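Chain and residue survey
One-letter residues, chain by chain:
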Amino acid sequence: MYISGSIISEATDQILNAREFCGDEKKAVRAVCDDHNITRRSERNKVWRIAKYRANGRWNQYQRQAGVAEKYLF
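The following refers to the structure shown.

The rules behind each value
- Residues numbered from 1 in each chain as written.
- Predicted model: local features only at pLDDT ≥ 70, side-chain atom pairs only at ≥ 80, totals over all residues.
- Heavy atoms only, no water.
- Core = buried A, V, L, I, M, F, W, Y, C linked by side-chain atoms within 4.5 Å.
- Buried < 20%, exposed > 50% of the residue type's maximum accessible area, 1.4 Å probe, protein only.
- Helix = DSSP H or I, 4+ residues; strand = E, 2+ residues; numbered from the N terminus.
- Contact = heavy atoms within 4.5 Å.
- Axes fitted to C-alpha atoms, helices over the stretch in contact; angles between N-to-C directions.
- Parallel < 35°, antiparallel > 145°, perpendicular 65-115°, else oblique.
- Left-handed = near helix turned anticlockwise from the far one by under 90°.
- Nonpolar A, V, L, I, M, F, W, Y, C, P; charged D, E, K, R; others polar.

Describing the nonpolar core
- In terms of nonpolar packing, the biggest core is built from 14 residues, with Ala-11, Ile-15, Val-29 and Val-47 touching the most fellow members.
- Going through the elements one at a time, α1 (5–20), α2 (25–35) and α3 (41–65) are the ones with two or more residues in this core.
- For this core, the leading source of residues is α1, giving five residues.
- Residue contacts for Val-29: discarding those within four places in its chain leaves Ala-11, Ile-15, Val-47 and Trp-48.

Rendered as C-alpha cells:
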C-alpha cells in the first residue's frame, strides 16, 4: 500500500515530539496511523520504519547544531 508523504511527515514529527518529552515513540506513531485509518500491522510497521529513519536524521541534525560530538550520535 502507498503511504503518503504527509502521513510519514506527521509520524516523524510525532516521534520527535515524543523524544523531546520522553514519551512513547511507537505509541505516537500508532496514534497517527489510527488518525489515518491505517490498521494493518504491515502498513503500521512501514510507517514506523520510514518515520523513525527520518526522525533519527533530523534528531542528529539537532544534536550537531547543539554541539554534540559525532561519537554520541545515532
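There's plenty left to go through after this.
Here's the deal with the packing of α1 against α2
- With their axes 8 Å apart at the nearest point, α1 and α2 run at an angle of 150 degrees to one another. It follows that α1 is roughly antiparallel to α2 by the angle criterion. In terms of crossing hand, the pair formed by α1 and α2 is right-handed. Along its contact with α1, which presents Ile-7, Glu-10, Ala-11, Gln-14, Ile-15, Ala-18 and Arg-19, the element α2 presents Glu-25, Ala-28, Val-29, Val-32 and Asp-35.
- Across the contact of α1 with α2, the residue classes break down as seven nonpolar, one polar and four charged.

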